[in-house]
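Okay, here's what each chain looks like letter by letter:
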Amino acid sequence: MPMRWLPALLCLTAAPALAEPWACAFTVECNVTEGCDSTGFQAQVIAADHAGDLFLRTAMGASPLTRLTPEGALPVSYAGATHDGIAELLTIEADRTAILTLHMFDGTAAAITHFGTCEEMT
């Protein structure tokens, strides 16, 4: 390969990869029926097995996720469901702000939305 391509290749390898894992801290929680309040809800998007499957890990446990957008670019969105049937949708914007919405279906349908930020874990 000619040396003239080396600077271009170095630029390509120097760009940070935008992918899992993510550590998210949510400071506002909004309930459809109760309004919004401050919170300290934490979540992580992790690849927890050798197959590269993704999971959303919170204090309540870990649940499988599917990336809805192409890998390596922001914004990124993920969707999943817990073992209890709670649907999850997480979006991380280019500025690292994040929205996590949980949809519950046990009896009366309800939704809780968390607002915060996510940072890449190293």
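Use the structure listed above.
Residues numbered from 1 in each chain as written. Predicted model: local features only at pLDDT ≥ 70, side-chain atom pairs only at ≥ 80, totals over all residues. Heavy atoms only, no water.

### Points about the state of the cysteines
Rules: Any cysteine sulfur atom paired with another within 2.5 Å is treated as part of a disulfide. The numbering of helices and of strands both runs from the N terminus, where a helix is a DSSP run of H or I of at least 4 residues and a strand a run of E of at least 2. A 1.4 Å probe rolled over the protein chains alone gives each residue an accessible area, and that area as a share of the maximum for its type sets the label: buried under 20%, exposed over 50%, partly exposed in between.
Applying the stated criterion across every chain yields a total of 2 disulfides. There is a disulfide in this structure between cysteine 24 and cysteine 118, and the S-S distance comes to 2.0 Å. The sign of the 110° torsion about the S-S bond sets the cysteine 24-cysteine 118 disulfide as right-handed. Of the two residues, cysteine 24 is situated in strand β1 (residues 22-31) and cysteine 118 in strand β8 (residues 110-120); the sequence distance between them amounts to 94 residues. Summarising the burial analysis for this pair, cysteine 24 and cysteine 118 share the class buried. The disulfide partner of cysteine 30 is cysteine 36, and the gap between their sulfur atoms is 2.0 Å. Disulfide cysteine 30-cysteine 36: torsion about the S-S bond near 110°, hence right-handed. Here cysteine 30 falls in the buried class, since its relative accessible area comes to 14%. With a relative accessible area of 53%, cysteine 36 lands in the exposed category. Cysteine pairing in the protein follows 1-4, 2-3, where each cysteine in a disulfide is numbered by its order in the sequence.

### Here's the deal with the pairing of strand β4 (residues 61-67)
This is how it is decided: Pairing between strands is defined by DSSP: at least two bridges between the two strands are required.
In this structure, strand β3 (residues 54-58) lies alongside β4, joined through 5 bridges in antiparallel fashion. The partner of leucine 56 across the bridge, within β4, is serine 63. Hairpin geometry of β3 and β4 is characterised by an intervening segment of 2 residues between the two adjacent antiparallel strands. Where β4 and strand β5 (residues 76-81) come together, 3 bridges link them in antiparallel fashion. Directly across from leucine 65, in β5, lies its bridge partner glycine 80.

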